[in-house]
Amino acid sequence: MTPPTSPLVALLGLERHVEGGWYRQTWRTEGSTTPPGYPGARAYATGIYFLLHPGETSRWHRVRSDELWLWHRGGPLRLLLGGTGEKAEPATALTLGPSVESGEQPQLLVPAGTWQSAAPAGDEPVLVTCVVAPGFHFDDFTLEES
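By the naming in an unreviewed UniProt entry, the protein chain is Cupin domain-containing protein, taken from Streptomyces pratisoli.

Engineer: Whenever I open this one, the overall build of the protein chain confuses me. Can you help?
Structural biologist: Helix and strand counts for the protein chain stand at one helix and 13 strands. Counting from the amino terminus, the protein chain carries its helices and strands in the arrangement α-β-β-β-β-β-β-β-β-β-β-β-β-β. Scaling as 2.2 N^0.38, a compact globule of 146 residues should have a C-alpha radius of gyration of about 15 Å, and the protein chain matches this with 15 Å. Along the three orthogonal principal directions, the C-alpha set of the protein chain runs to about 45 × 35 × 35 Å. Looking at the protein chain as a whole, 43% of its 146 residues are labelled buried.

Engineer: I tried to follow the sheet that holds strand β10 (residues 107–110) on my own but got confused; where do I start?
Structural biologist: Note: strands within a sheet are paired through backbone hydrogen bonds, in either parallel or antiparallel orientation. Ordered in space as β1-β2-β5-β12-β7-β10, the six strands form an open sheet in which the pairing is antiparallel. What marks the edges here is a single partner per strand, and that holds for β1 (15–16) and β10. Two elements, strand β7 (residues 66–74) and β10, share four bridges in a ladder whose sense is antiparallel. Following the sheet pairing, Trp69 is matched in β10 by Leu108.

Engineer: I would appreciate a short explanation of the pairing of strand β2 (residues 22–28) in the present structure.
Structural biologist: As a general feature of sheets, a regular strand has side chains that alternate between the two faces. Taken together, the two bridges between β1 and β2 define a ladder with antiparallel strand orientation. Looking at β2, one finds that Glu15 is bridged to Tyr23. Hairpin connection from β1 to β2: five residues lie between these consecutive antiparallel strands, with Gly20 at a positive phi of about 115°. Looking at chain direction, β2 and strand β5 (residues 46–52) are connected through six bridges and run antiparallel. If you follow Gln25 over to β5, its bridge partner there is Ile48.

Cut-offs and rules
Residues numbered from 1 in each chain as written. Predicted model: local features only at pLDDT ≥ 70, side-chain atom pairs only at ≥ 80, totals over all residues. Heavy atoms only, no water. Helix = DSSP H or I, 4+ residues; strand = E, 2+ residues; numbered from the N terminus. Rg over C-alpha atoms; globule rule 2.2 N^0.38 Å. Buried < 20%, exposed > 50% of the residue type's maximum accessible area, 1.4 Å probe, protein only. Pairing = 2+ DSSP bridges.

Quick look at the structure:
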């Protein structure tokens, strides 16, 4: 049985993301640049809403740029960082969420080129914003093969 979809999907106009979960780009700077090592011009920064339901996972992937995760609502989110090698190697588990007293953080940085995966750590959908700088472009995105 498929769990119900959060009303936030419709309210925020989210679409399915190739890595898993739901997203919508909310911001892209007007200015752009061609950073060293990038194949072309990129916005200075971009932002998306990203939502995961319990049971959904953001599959292992990496982005060429730094990615800042900002928690908004729902339960905590477990963010795994898997190094910068050819394949993800789980090494660090972090928790994004509101309970700073319990070790959760309201924002976390995934450094450029680091493998990452995420999943709700509780039984509620989790809504975050991801800010990428230099801005996100699918040419800079690598999804680990299954």
